[in-house]
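This is what each chain is made of:
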Amino acid sequence: WRGREGAPYSTLVPSDEVTINYRHGLPVITLMLPTRSERCQFTVKPVVTTVGAFLQDVQREDKGIQRAEVFATDGSKVSDATLMEVLLMNDFKLVINSRAYSVSPPVKDKLSSEHVTEMEDVKSLVHRLFVALHLEDHQIRKERELLQKLDHLKGELLPLEQMKARIMDSADAKTSRLLWVGLALMSTQGGALAWLTWWVYSWDIMEPVTYFITYGSAMAFYAYFLLTKQDYIYPHAKDRQFLHYFYRKSKKQRFNVERYNKLKDDLAEAEESLRRLRQPLHLRLPIQEISDKD
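Residues numbered from 1 in each chain as written. Predicted model: local features only at pLDDT ≥ 70, side-chain atom pairs only at ≥ 80, totals over all residues. Heavy atoms only, no water.

Topic: the overall build of the protein chain
Stage number 1. Looking only at helices and strands, the protein chain has 6 helices and 6 strands in total.
Stage number 2. Put simply, the protein chain runs from its N terminus to its C terminus through helices and strands in the order β-β-β-α-β-α-β-β-α-α-α-α.
Stage number 3. Scored against the burial criterion, the 294 residues of the protein chain give a buried share of 26%.
Stage number 4. Here the contacts in the protein chain between residues at least 6 apart in sequence split such that 57% fall between residues at least 24 apart.
Stage number 5. Looking at the protein chain as shown, the accessible area adds up to about 20,700 Å², and 57% of this sits on carbon and sulfur atoms. (Helix = DSSP H or I, 4+ residues; strand = E, 2+ residues; numbered from the N terminus. Buried < 20%, exposed > 50% of the residue type's maximum accessible area, 1.4 Å probe, protein only. Contact = heavy atoms within 4.5 Å. Areas by Shrake-Rupley, 256 points an atom, 1.4 Å probe, with all protein chains shown as cover.)

So, in structure tokens, the structure goes:
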């Protein structure tokens, strides 16, 4: 038989080297410790004990054990997070160092439906007691963690907010100047056309000129639409120019816009989680689920 990496193990040890018996409703696993050459019993609680915890107990008992793993009969490794209750439902192979033990758990007597119902009621009662005793401590600990996270995020955002405010003021000033320059150019153009119409030439001469100026303006607006895929609406054009100045200034001052947005999103998420957490704390209601994101 080979392990998951294809490395051959020694011949399977007979199943009597590892035995499983039930005492007082709990499984007792008896196995031979390799370096101490003596049999040792391990009583496990199948409902709460995991495979990883059982293997750690075995390694603590015999310091000479360098490797301890559990495999299913098809050769696939059993996760350390698997409960012993699930593992003991089928045959499995216990690998200690270079020796593989074939284990066949005994079949437990089926419980009556009344006994099963009683056990489920006991489990439910224990769960409710655990929640009642530890939920408030968990909520307070979670609230403290969220407050610390908020302080950390606000500390990182403070210098970025100050830099962003300076960049926005500069971009807003440049945008305002550009708008006033546009108004000045339009006023100059109107004054020049009026002067040419009434003092230099006549309207018969200036009419074609104004026509081509209007047609050229229409072509400019159409070119704006082709480039931006937006109509030339003054508020939208102002915002677009503002963003142009803002990102150009941010690049010069090395203001990381993506990092700033990520911190703002994390801050909003933490504040929302804190709000949802404090609501049941004050109203004594069941806590809502708070998603944890690394």
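More follows now that the structure is in view.
Some remarks on helix α4 (residues 203-228)
The α-helix advances 3.6 residues per turn, and as a result positions three or four apart in sequence lie on the same side.
Stage number 1. A rise of 1.5 Å per residue sets the reference length of α4, with its 26 residues, at 38 Å; its end C-alpha atoms lie 37 Å apart and thus fit the reference within 8%.
Stage number 2. Those residues of α4 lying buried are Met206, Thr210, Tyr224 and Thr228.
Stage number 3. Positive backbone phi, at 60°, marks Lys229, one or two positions downstream of α4. (Expected span 1.5 Å × (residues − 1).)

Comments concerning the sheet that holds strand β4 (residues 68-72)
Stage number 1. Taken in spatial order, the 3 strands of this open sheet run β4-β5-β6, and their pairing is antiparallel. Two strands lie at the open edges of the sheet, namely β4 and β6 (99-103), each paired on one side alone. The mean angle between the axes of side-by-side strands here comes to 25°, regardless of whether they run parallel or antiparallel.
Stage number 2. Pairing of strand β5 (residues 92-96) with β6, which is carried by 5 bridges, proceeds in the antiparallel orientation. Bridge pairing in β6 links Phe92 to Val103.
Stage number 3. Strands β4 and β5 of the sheet are contacted by helix α1 (residues 51-61), whose axis makes an angle of about 140° with β4. (Pairing = 2+ DSSP bridges. Axes fitted to C-alpha atoms, helices over the stretch in contact; angles between N-to-C directions.)

Some details on the UniProt feature "transmembrane region" (unreviewed entry) in the protein chain
Stage number 1. The sites that UniProt annotates as "transmembrane region" (unreviewed entry) are residues 178-197 and 209-227.
Stage number 2. Measuring from the first to the last C-alpha atom of residues 178-197 gives 28 Å, for a span that is 100% helix and 0% strand. (UniProt positions renumbered as here; feature names shortened; annotations may be inferred.)

Brief notes about unusual backbone geometry
Stage number 1. Look at Arg254: it is not a glycine, yet its phi comes out positive at around 55°.
Stage number 2. Within the fold, Arg254 resides in the loop between α5 (234-252) and α6 (257-283).
Stage number 3. Classification of Arg254 as exposed rests on a relative accessible area of 77%.

Quick look at the pairing of β5
The side chains of a regular strand alternate, first on one face of the sheet and then on the other.
Stage number 1. Among the 5 residues that make up β5, 5 are buried, leaving the element largely enclosed by the rest of the structure.
Stage number 2. Burial along β5 is two-sided: Phe92, Leu94 and Ile96 and Lys93 and Val95, pointing in opposite directions, are all buried.
Stage number 3. Turn length for the β5-β6 hairpin, with the two strands adjacent in sequence and antiparallel, is 2 residues, and the turn residue Asn97 shows positive phi of about 55°.

Regarding the pairing of β4
Stage number 1. β4 sits mainly inside the fold: 4 of its 5 residues count as buried.
Stage number 2. Bridge count between β4 and β5: 5 bridges; the pairing is antiparallel. Along β5, the bridge assignment pairs Phe71 with Lys93.

Thoughts on the environment of Gln230
Stage number 1. In this fold, Gln230 is placed in the loop between α4 and α5.
Stage number 2. In this view, Gln230 contacts Tyr224, Phe225 and His236; residues no more than four positions away in its chain are not counted.

Notes on the layout of surface pockets
Left-over empty space is what a probe sized like a water molecule reveals as it rolls over the atoms.
Stage number 1. Looking at the second largest pocket, its volume works out to about 700 Å³.
Stage number 2. Forming the walls of the second largest pocket are 19 residues, and the residues nearest its centre are Leu179, Gly182, Met186, Tyr232 and Tyr234.
Stage number 3. If you list the elements that add at least two residues to the lining of the second largest pocket, you get α3 (113-200), α4 and α5.
Stage number 4. Sorting elements by how many residues they give to the lining of the second largest pocket places α3 first, with 8 residues.
Stage number 5. A per-class count over the lining of the second largest pocket returns 11 nonpolar, 6 polar and 2 charged. (1 Å grid on protein atoms, 1.4 Å probe; cavity = no way out; pocket = protein on both sides within 12 Å on 5 of 7 lines; lining within 4 Å. Points joined across faces, edges and corners; volume = space filled by probe spheres on them. Nonpolar A, V, L, I, M, F, W, Y, C, P; charged D, E, K, R; others polar.)

Re the packing of aromatic side chains
Stage number 1. Enumeration according to the criterion identifies 6 aromatic pairs in this entry.
Stage number 2. With a centroid separation of 6.3 Å and 20° between ring planes, the pair formed by Phe242 and Phe246 is classed as stacked. Highlighted residues: Phe242 and Phe246, both in helix α5, separated by 4 residues, approximately one helical turn.
Stage number 3. According to the relative accessible area criterion, Phe242 is buried, its value standing at 17%.
Stage number 4. An aromatic cluster of three or more residues is present, and its members are Phe242, Phe246, Tyr247, Phe255 and Tyr260. (Phe/Tyr/Trp six-rings, centres within 6.5 Å; stacked < 30°, edge-to-face > 60°.)

Considering α1
Stage number 1. The complete set of buried residues in α1 reads Val51, Gly52, Phe54, Leu55 and Val58. Along α1, the residues classed as buried sweep out an arc of 160° about the axis, all on the same side.
Stage number 2. In this structure, the buried residues of α1 make contact with β2 (26-33), β3 (38-43), β4, α2 (84-87) and β5. (Arc of directions from axis to C-beta.)

With respect to the pattern of salt bridges
Stage number 1. Taken as a whole and judged by the stated rule, the model has 7 salt bridges.
Stage number 2. One salt bridge connects Glu69 with Arg67, and the closest N-O pair in it is separated by 2.6 Å.
Stage number 3. With relative accessibility at 30%, the residue Arg67 sits in the partly exposed group.
Stage number 4. Across the pair Arg259 and Glu156 runs a salt bridge whose closest N-O atoms are separated by 3.7 Å. (Salt bridge = Lys/Arg side-chain N within 4 Å of Asp/Glu carboxyl O.)

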